Amino acid sequence: MRSLFFIFFVVSLSFGADFITKTEYAKMLYINPRGIGCISCHGKNAEGKVISKYKEKNRKTKQVEQKELISPRINNVSFERFKKALDEPKNIMPSYFLTDEETKILYDYTISLDKDGK
Ligand code: HEC
């Protein structure tokens, strides 16, 4: 039963690829890559947004301060910068294991979300 399901999965994968365009695939990657979706942190149009607000006590002043966790805008970055962020995540960004081809189409898609124009 399990192997039957696996065969079905592989067959649907290899056929499925022909039915969606690169843009559709990239959109899918943006919303739901293998991991948490870029969209949840970077926003619908990759414009960046406030991910969350939190309070933190300032050690020097002893005051409680309102802080924000912000994701940067990514619909206007260079390809080198985009690839680097995915290959070597810094703080908050999760690690993704995308192929070069996936990174490229995801990049083209993300840039196309810049509605303000350049
Ligand atoms: C959990 C939230 C989160 C998710 C999910 C996420 N990012 Fe990020 N991303 C960030 C934050 C925060 C930064 C700023 C650097 C840091 O703190 O890691 C960042 C930085 C970046 C940068 C660098 C921007 C610059 O100006 O150099 C790029 C490019 C990027 N993200 C693309 C993506 C893509 C593409 C995805 C999906 C595959 C994604 N991110 C998923 C939070 C996220």
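Within an unreviewed UniProt entry, the label attached to the chain reads Cytochrome C oxidase subunit III, and the organism entered is Campylobacter gastrosuis.

Side chains of Phe19, Ile20 and Met28 sit close together on the surface and give an oily, nonpolar patch of about 320 Å² of accessible area. You can see Met28 is positioned in helix α2 (residues 22–31).

Further remarks concern the coordination of the iron atom of the ligand. Every protein donor of the iron atom of the ligand is listed here as His42 (NE2) and Met93 (SD), and their distances to the metal cover 1.9 to 2.0 Å. Each of the 6 donor atoms bound to the iron atom of the ligand contributes to angles spanning 84 to 179°, and the resulting shape is octahedral. Taken together, the residues His42 in helix α3 (residues 38–42) and Met93 in the loop between α4 (79–87) and α5 (100–112) connect sequence positions 51 residues apart. Note on Met93: relative accessible area 29%, which makes it partly exposed.

Attention now moves to the pattern of salt bridges. Applying the stated rule across the entire model yields 9 salt bridges. Ionic pairing is found between Glu68 and Lys53, a salt bridge with its closest N-O pair at 3.9 Å. Note that Glu68 is positioned in strand β2 (residues 64–71) and Lys53 in strand β1 (residues 49–57), a separation of 15 residues in sequence. Taking the relative accessible area as the measure of exposure, Glu68 reaches 40% and is therefore partly exposed. Between Arg73 and Asp114 there is a salt bridge, and its shortest N-O distance comes to 3.1 Å. Linking Arg73 in the loop between β2 and α4 with Asp114 in the segment after α5, this pair joins segments that are 41 residues apart in sequence. The exposure class of Arg73 is partly exposed, given its relative accessible area of 33%.

What counts, and at which threshold
Residues numbered from 1 in each chain as written. Predicted model: local features only at pLDDT ≥ 70, side-chain atom pairs only at ≥ 80, totals over all residues. Heavy atoms only, no water. Patch = residues over 30% accessible without salt bridge, like charges linked within 9 Å, V, L, I, M, F, W, Y side chains within 5 Å. Areas by Shrake-Rupley, 256 points an atom, 1.4 Å probe, with all protein chains shown as cover. Salt bridge = Lys/Arg side-chain N within 4 Å of Asp/Glu carboxyl O. Helix = DSSP H or I, 4+ residues; strand = E, 2+ residues; numbered from the N terminus. Donors = N, O, S within 2.8 Å, 3.2 Å for Na, K, Ca; no water. Tetrahedral: all angles 85-135°; square planar, octahedral: opposite > 155°, others 65-115°. Buried < 20%, exposed > 50% of the residue type's maximum accessible area, 1.4 Å probe, protein only.

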